[in-house]
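Chain residues, written in single-letter form:
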Amino acid sequence: MSPSRRASPTLSERLSALARATDLAEGRLDDEAVTVSRTVLDRAAERRSLSADHTVVGFFGATGSGKSTLFNAVVGRDIARAAARRPTTSEPLAAVWGEPGSEALLDWLDVSQRHRVDTPLPTGPEDAGRWSRVKERITGGPASEAPGGLILLDLPDFDSVSLHHRTVVQRLVGMVDVVVWVVDPQKYADAIIHQEFIAPLARHGAVTMVVMNQVDRLPAAEVPAVMASLAELVAQDGLPTTGLSKPVAVSAVTGEGVEALRSRIRQVADTKAAAGARLDADVTDAAERLARASGAGEPAGITEQAQERLTDGLAQAANVPGIARAAGKSYALHATGHTGWIATRWLLKFRKDPMRRLNLDRGDTVNPEVNRTSLPPMGAAQRAAADSAVRTFAHDAAAGAAEPWTRSMRQAARAHETRLPDAIDQAIAGTDFRARKSSWWWFVFDVLQWIAMLAVVAGLLWLLGLFLLEWFQVPVPPPPYVEGFPLPVPTLLVLAGVVAGLFLALTGRVLAGFGARLRERTVRRKLRASVGEAGRRTVVEPVRAELGTFTAFREALAVLRG
C-alpha cells in the first residue's frame, strides 16, 4: 500500500492521539475544550472496559412525543408506562436482549429498572454492508457474525419540569451508543430539541436516528411535506439526512414503520459497531474542539537572527560593554605597572583595578556555582531592556501562530524570568577574562626598564663617588668622556637611563592602549557568548520545547483527522 493510501487509524490509535493532544493542550488551550476531551477519554475507557457485545440504544423525546409508546412497540410488549396527558417516565428503563455482560454496563449507566426480553428482534438487510465497513474501520478487523446483545432505554422527557429528569437525559445522551430522537408532528420544530440536543451531536450522524412518531395523526397527504420539513431542520442541525440519521415516519399506535425501525436497530446491534462508532464520533468532536481552540497558523520558529537579537538585548541589559571597557582599563593598568618608568610605578598602587572592583579579577579560579560578580543589581532600565529582548524573541518565534500558542510561547520565554538576572550574573562570573594573564612584551619592556634604571643608578653612584672623593680632597682622575659629547660618562649614563626609561614608558603606554582595545573586544566577545548561553538555557530552550509541543499537538491532530 502506498503512503498516500495508508489505512485510516483505528479507534485505539485515535484515542491514543486524543490523549496526547489533550495532555499537550492542558494549560494552553481553552479549558472547556480540554475538559470535553478528558470526558471523552474517561468515558471511552469505561465503555471499552464493559461489554462490547451489547449496543445501548436510548429513546429521547419531548413530552407528548409518544416515546414510551414507541419504545413498547419496538420491544413488542408493554414495559414502559405510557399516558396521553402527562409524562410518566421518571427513571431510565431498560429492555435487555442477551443478559450476560449487561449488568456491569447497566450499572455504569446507572439504570436500575431492567427487563429481560427473550423474543429476538428481527434482523433486516438495511445498511448491513455500511455497518460492516464501520466496524472494520474502527477495530481494524472484520465484523463478527454472531448476534449482538441489545439494550433499549426509555428515558425521561428532556423538556421535563423536573431538574432530575433533565439531568438524567443530559448524562445519558453522552453515554448511550445510539441516540433515537423521537419527535411528534406538533413539536418536531421545537428549538430546544434542535439547539440543545440534536445540533451538539451533529458529528454523530452514524449513531443517531430521527423518528417522526404519531404520523397517524396527520392526513396522509401532509406526511411527505412534514417529513421534508423535518429533514431540512435536521440538515440545519448538521446531521446528514441519509443513512442512519435519515428521518423516518412511524406510528406506535398503528404500527406503521415500527417494523423497519425495529429491523434497523437489530442490524446495528448485530454488527456490534455502534459503541465504537459513537466513541469515534465523540473523538472526532473532541478533536475538532481542540482544533478550533488551537486556531490556525504555524509559528515562525527560532531563527539565528532572533537568537542574535536576544543575545544583543541581554548583553546590553547586563552592561557587557561597560564590563569590557573595565577589562580594557584593567589590562592597561597592569601593562603600565609592568612597562612604566620604574621611578613612578609605585604611584599605580593607589589606582584600584576596575576588574577587582567588580570581583572579576580571579584569574583561572572560576567556579560559576560559587562565584558571583560585584555588579550592581539590574536597574529599572536594564530590566526593561532584558524584558524587551525576551518579549521580542518570543514574538518572533511565535509569529504566525494563533493566539493560544503565541501566549504559551510568551509564557515559556518568561518561565525563568526571576532566574534570568542570576543566570546572567553566573554567566559573567564564569567567563575567563584572562585578567591576570600578561603579554610577552611586558617582560621585554620590564627588562629594558630595569637596564635603564640600572644605568641611572650606576651614573648617580659614579657621580656621587666623585663628589665624595672631591669633598674629602682625595685626588681622583677625571671621569671619561665619550668622543663628541661634552658631558662625562656618568652624566651620560644618568641622562640616557632617564630618557630610555621615559621613552619605554611612553611606548609601553601606546602599546598598552592597543592591547587594551584588543582585550576589550575579546572580553566583549566572550561575555556575549556567555550571556547568549544563559539566554539559551533560560529563554530559547523553553520556547524551543514549546514549539516541540505545538508540533506534537499538530501531529496528534493529524492522526485524529485520519
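Reference entry: report on the structure contained in this document.

Scoring rules and cut-offs
- Residues numbered from 1 in each chain as written.
- Predicted model: local features only at pLDDT ≥ 70, side-chain atom pairs only at ≥ 80, totals over all residues.
- Heavy atoms only, no water.
- Axes fitted to C-alpha atoms, helices over the stretch in contact; angles between N-to-C directions.
- Helix = DSSP H or I, 4+ residues; strand = E, 2+ residues; numbered from the N terminus.
- Contact = heavy atoms within 4.5 Å.
- Nonpolar A, V, L, I, M, F, W, Y, C, P; charged D, E, K, R; others polar.
- Pairing = 2+ DSSP bridges.
- Core = buried A, V, L, I, M, F, W, Y, C linked by side-chain atoms within 4.5 Å.
- Buried < 20%, exposed > 50% of the residue type's maximum accessible area, 1.4 Å probe, protein only.
- Patch = residues over 30% accessible without salt bridge, like charges linked within 9 Å, V, L, I, M, F, W, Y side chains within 5 Å.
- Areas by Shrake-Rupley, 256 points an atom, 1.4 Å probe, with all protein chains shown as cover.
- Salt bridge = Lys/Arg side-chain N within 4 Å of Asp/Glu carboxyl O.
- Left-handed = near helix turned anticlockwise from the far one by under 90°.

Side note on the packing of helix α12 (residues 320-339) against helix α17 (residues 440-471)
So, point 1. It is the contact of α12 with α17, at a shortest axis distance of 8 Å, that shows an interaxial angle of 35°. When α12 is examined against α17, the residues Y331, H334, A335, H338 and T339 are found in contact with a partner set consisting of W441, W442, F445, D446 and Q449.
So, point 2. Partitioned by chemical class, the residues of the contact of α12 with α17 number five nonpolar, four polar and one charged.

Description of the sheet that holds strand β5 (residues 178-183)
So, point 1. In spatial order, the strands read β3-β2-β4-β1-β5-β6-β7; together these seven strands make up an open sheet with mixed pairing. Of all the strands in the sheet, just β3 (113-116) and β7 (248-249) have a single pairing partner and so form its edges.
So, point 2. Relative to β3, strand β2 (residues 93-97) is paired through four bridges, and the arrangement is parallel. Bridge pairing links V96 to R116 in β3.

Some points on the nonpolar core
So, point 1. With 59 residues, the main nonpolar core has L18, L290, L310, F393 and F553 as its most contacted residues.
So, point 2. In terms of residues, this core owes the most to one element, helix α18 (residues 489-560), which gives twelve residues.
So, point 3. The contacts of F393, once residues within four sequence positions are left out, are I302, A306, Q307, L310, V539, V540 and V543.
So, point 4. In terms of nonpolar packing, the next biggest core, distinct from the first, is built from 40 residues, L106, L155, F158 and I193 among them.

Comments concerning a nonpolar patch on the surface
So, point 1. Taken together, the side chains of V457, L461, L464, F467, L468, L469, W471, F472, V474 and V476 present a nonpolar region at the surface, about 970 Å² in accessible area.
So, point 2. Summarising the element assignment, F472 is placed in the loop between α17 and α18.

Examining the pattern of salt bridges
So, point 1. A full pass over the atoms with the stated rule returns 29 salt bridges.
So, point 2. Note that R266 and D270 form a salt bridge whose closest N and O atoms lie 2.9 Å from each other. Here the residue R266 and the residue D270 both occupy positions in helix α9 (residues 258-271), the gap between them amounting to four residues, near one helical turn. Both residues of the pair, R266 and D270, count as buried.
So, point 3. Members of the salt-bridge network, linked through shared partners, are E533, R536, R537, E541 and R544.

Things to note about the packing of helix α14 (residues 380-398) against helix α15 (residues 403-413)
So, point 1. At a minimum axis distance of 9 Å, the contact between α14 and α15 shows a crossing angle of 145°. The interaxial crossing formed by α14 with α15 has right-handed handedness. Side by side, α14 and α15 meet where V390, A394, A397 and A398 of the first sit next to T406, M409, R410 and A413 of the second.

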